[in-house]
Amino acid sequence: MHEAPPTPSPAAPAEPLSHGLKQRHLTMLGLGGVIGAGLFVGSGAGIAVAGPAIVVSYLIAGALAMLVMRMLGEMSAAMPASGSFSVHAERALGRWAGFSVGWLYWFLLVVVLAVEATAAAQIAHGWVPGVEPWAWVLLFMVVFTVANLTAVKNFGEFEFWFASLKVGAIVVFLVLGGLAVFGLLPDTDPVGMTNLTGEGGFLPNGWSGVVSGVLTVVFAFGGLEVVTIAAAETDDPARAVGRAVRSAVVRILFFYVGSMLVIVTVLPWTAQQAGLSPYVKVLDAIGVPSAGQIMNIVVFVALLSALNANLYGSSRMIFSLAERGEAPRGLLKVSGGGEGSSGQPGGVPRRAVLASVAFGFVSVLLNLLWPDTVFLYMLNSVGAVLLFVWALIAASQLRLRARLEQEAPDALALRMWWFPYLTWVTLAGLLGVLLLMLTDDAARPQVLWSAGATALVLLVAVGREWRERRARRDPSALTDR
């Protein structure tokens, strides 16, 4: 039996951050946080390998993400903290777990941030060829750095309107697609089920195609975790995160699965191509003018939204690490003034924001200079980290749920379904995805590089704990160095 890990003395008051986020910010962040380029463009690759059965692939991947979010919501409602699952892992499994998952997630966000900034810059460069992509990247990074350095409500407002546009685009697409299926649009005939059963049937590539589809689309659900990080900066974190998680998971499944069902019903799956937006194909087919440019705008907004959310999430994660003594204590400095009735910005971890954006700039530079070498290795090293993070969330929930039921049952305002069976099913599912990635030539490098990065962080974490235990036994051990 492992005894409960001691909670380290905080370097600052427990939660000195502001509480400027409102419920509407958090709810829309939950809805829009995972609606991004991975759905609007990346879903074409999934359709190409799974055919109409991509709907099943999204159901499986979405169910996995929904279970993880339910677990995370349970812990965050009971123990809201700016470090979210990093704090939960530390309380459940030990400091090594909190340190490891926190730093891995921070690294994931600041590397992916470079991909989003570069992709958005390429779209903007297409609209204004006279401005070089690097200048667009610089502009985006400066704008969102300034937004995150001021009041947290600015981040919330950016994300609210970004997410509103993405959600609105999905709703309009579902309505137009549904009308097209039943032949209710001008100059259209009812499509029926022809495209679902033709061209090789519903499972043209068999169940192996469904599995390949899962590997393609599962990472599109990454980003929901930021909701539980942001909940700590609301007036009522426990209630806010519970409501956000409940509303987000079901609606996101509806948006994702509903969109895929419309796409493979309106057009034959063979009409889709990896790298091209299936949404554009459908909108063109039903006669929506300038469909390509409309989706370019939506994807552009989705990328900027993800960039903004990742910068926010990474700054709060490294702030939480510093708060627990797992990162430089200088990052604990927050802006003064509070966010009370005066409306003055305060409680913003500006040094943590600058530290995150600084590494983000480095990532962008590496992406611009060496996209196929240095940056590719970095990207591969975080390719499967999301699955490792989800696995630690599940492992933490297994231990914390039992502890909470004994010590503070009233704190369990949001409960994981069929505990502990669905938690074990989730862990098995995550392990299954990782094993399947190892059998896939394209995905294998991501698993291996991510495993290497994880092993390195774990080695550092274990080394720190060993050194601290040695220091407690022999205080002169450190001064002798």
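Reading the values: rules and limits
- Residues numbered from 1 in each chain as written.
- Predicted model: local features only at pLDDT ≥ 70, side-chain atom pairs only at ≥ 80, totals over all residues.
- Heavy atoms only, no water.
- Helix = DSSP H or I, 4+ residues; strand = E, 2+ residues; numbered from the N terminus.
- Rg over C-alpha atoms; globule rule 2.2 N^0.38 Å.
- Buried < 20%, exposed > 50% of the residue type's maximum accessible area, 1.4 Å probe, protein only.
- Contact = heavy atoms within 4.5 Å.
- Areas by Shrake-Rupley, 256 points an atom, 1.4 Å probe, with all protein chains shown as cover.
- Lys, Arg positive; Asp, Glu negative; His and termini not counted.
- Charge placed at Lys NZ, Arg CZ, Asp CG, Glu CD.
- Axes fitted to C-alpha atoms, helices over the stretch in contact; angles between N-to-C directions.
- Parallel < 35°, antiparallel > 145°, perpendicular 65-115°, else oblique.
- Left-handed = near helix turned anticlockwise from the far one by under 90°.
- Nonpolar A, V, L, I, M, F, W, Y, C, P; charged D, E, K, R; others polar.
- Patch = residues over 30% accessible without salt bridge, like charges linked within 9 Å, V, L, I, M, F, W, Y side chains within 5 Å.
- Salt bridge = Lys/Arg side-chain N within 4 Å of Asp/Glu carboxyl O.
- pLDDT = per-residue confidence, 0-100.
- 1 Å grid on protein atoms, 1.4 Å probe; cavity = no way out; pocket = protein on both sides within 12 Å on 5 of 7 lines; lining within 4 Å.
- Points joined across faces, edges and corners; volume = space filled by probe spheres on them.
- Phe/Tyr/Trp six-rings, centres within 6.5 Å; stacked < 30°, edge-to-face > 60°.
- Lys NZ or Arg CZ within 6 Å of the ring centre and 35° of its normal.

**Q** It is not clear to me how the overall build of the chain should be interpreted in this structure. Could you clarify?
**A** Counting secondary structure elements, the chain contains 20 helices and zero strands. In terms of C-alpha radius of gyration, the chain reaches 23 Å, essentially the compact-globule figure of 23 Å for 481 residues. With respect to the three principal axes, the spread of C-alpha positions in the chain is 80 × 50 × 45 Å. In the chain, which comprises 481 residues, the proportion classed as buried is 54%. Taking the contacts inside the chain whose residues are at least 6 apart along the sequence as the reference set, 79% of them involve residues at least 24 apart. Summed over all atoms, the accessible surface of the chain reaches about 19900 Å², with 66% contributed by carbon and sulfur. In the chain, 30 positive and 29 negative side-chain charges are present, and the distance between their average locations comes to 8 Å.

**Q** Can you help me understand the side chain of Ser-396 in this one?
**A** Following the sequence through the fold, Ser-396 ends up in helix H17 (residues 385-407). Classification of Ser-396 by relative accessible area gives buried; the value is 1%. Filtering out sequence-adjacent residues up to four positions away, Ser-396 remains in contact with Met-75, His-88, Ala-89, Ala-92 and Leu-93.

**Q** Honestly, the packing of helix H4 (residues 54-78) against helix H10 (residues 206-217) in this entry has me stumped. Any pointers?
**A** Between two packed helices, what matters for the description is the angle formed by their axes and the separation of those axes. In the contact formed by H4 and H10, the axes pass within 8 Å of each other and the chain directions differ by 50°. Between H4 and H10, the interaxial angle falls into the category oblique. Our pair here, H4 against H10, has a crossing hand that is right-handed. In this structure, H4 contributes Ile-54, Val-56, Ser-57, Tyr-58, Ile-60 and Ala-61 to the contact, and H10 contributes Trp-207, Gly-209, Val-210, Gly-213, Val-214 and Val-217. Partitioned by chemical class, the residues of the contact of H4 with H10 number nine nonpolar, three polar and no charged.

**Q** Looking at this structure, how should I read a positive patch on the surface?
**A** On the surface, Arg-467, Arg-470, Arg-472 and Arg-473 cluster together into a patch of positive charge. Tracing the backbone shows Arg-472 in helix H19 (residues 444-473). A relative accessible area of 60% means that Arg-472 is categorised as exposed.

**Q** Where do I start with a nonpolar patch on the surface in this structure?
**A** A cluster of nonpolar residues, Trp-134, Leu-138, Val-142, Val-146, Phe-361, Leu-365, Leu-368, Leu-369, Trp-370 and Val-374, forms a patch on the protein surface that exposes about 910 Å² of accessible area. Mapped onto the nonpolar patch, the elements with two or more residues apiece are helix H7 (133-149) and helix H15 (350-369). If you trace the backbone, Val-374 turns up in helix H16 (residues 374-381).

**Q** Would you mind going over the confidence of the model for the chain with me for this structure?
**A** Regions with low pLDDT carry predicted coordinates that are not meant to be interpreted in detail. A residue-level look at the chain finds 92% of positions with pLDDT of 70 or above and a mean pLDDT of 82. Per-element mean pLDDT across the chain ranges from 53 in helix H20 (residues 476-479) up to 93 in helix H18 (residues 421-439). Within the model, the stretch residues 1-15 combines pLDDT values under 50 with 23 contacts to residues more than four positions away or in other chains.

**Q** Looking at this structure, I do not really get the pattern of salt bridges. What am I missing?
**A** Think of it this way: side chains of opposite charge can pair up when their charged atoms draw near. Applying the stated criterion across every chain yields a total of nine salt bridges. We note a salt bridge from Glu-157 to Arg-24, for which the minimum N-O separation is 2.3 Å. With Glu-157 in helix H8 (residues 152-181) and Arg-24 in helix H1 (residues 23-32), the pair connects residues that are 133 residues apart, well separated along the chain. Glu-157 sits in the partly exposed class, given a relative accessible area of 26%. With relative accessibility at 38%, the residue Arg-24 sits in the partly exposed group. A salt bridge links Glu-326 to Arg-95, with the shortest nitrogen-to-oxygen separation between them at 2.9 Å.

**Q** Can you walk me through empty space enclosed by the protein in this structure?
**A** Vacant regions in the atomic arrangement are exposed by a probe of water-molecule size rolled over the atoms. Within the structure shown, the criterion is met by two cavities of 30 Å³ or more. In this structure, the largest cavity occupies an estimated 40 Å³ of space. Arg-95, Trp-96, Phe-99, Glu-326, Ala-461, Arg-464, Glu-465 and Glu-468 are the residues that line the largest cavity. For the lining of the largest cavity, the secondary structure elements donating two or more residues are helix H6 (95-127) and H19. When residues of the lining of the largest cavity are assigned to their parent elements, the largest contribution, four residues, is made by H19. Counted by class, the lining of the largest cavity contains three nonpolar, no polar and five charged residues.

**Q** Explain the packing of aromatic side chains to me, please; I cannot follow it from the model alone.
**A** Between two aromatic rings, the relevant description is the distance of the centres plus the angle of the planes. Taken as a whole, this structure holds 19 aromatic pairs when the rule is applied. Taken together through their ring pairs, the aromatic side chains of Phe-99, Trp-103, Trp-106, Phe-107 and Phe-359 make up a single cluster. Across the ring face of Phe-160, the terminal group of Arg-24 is positioned such that the distance to the ring centre comes to 4.7 Å.

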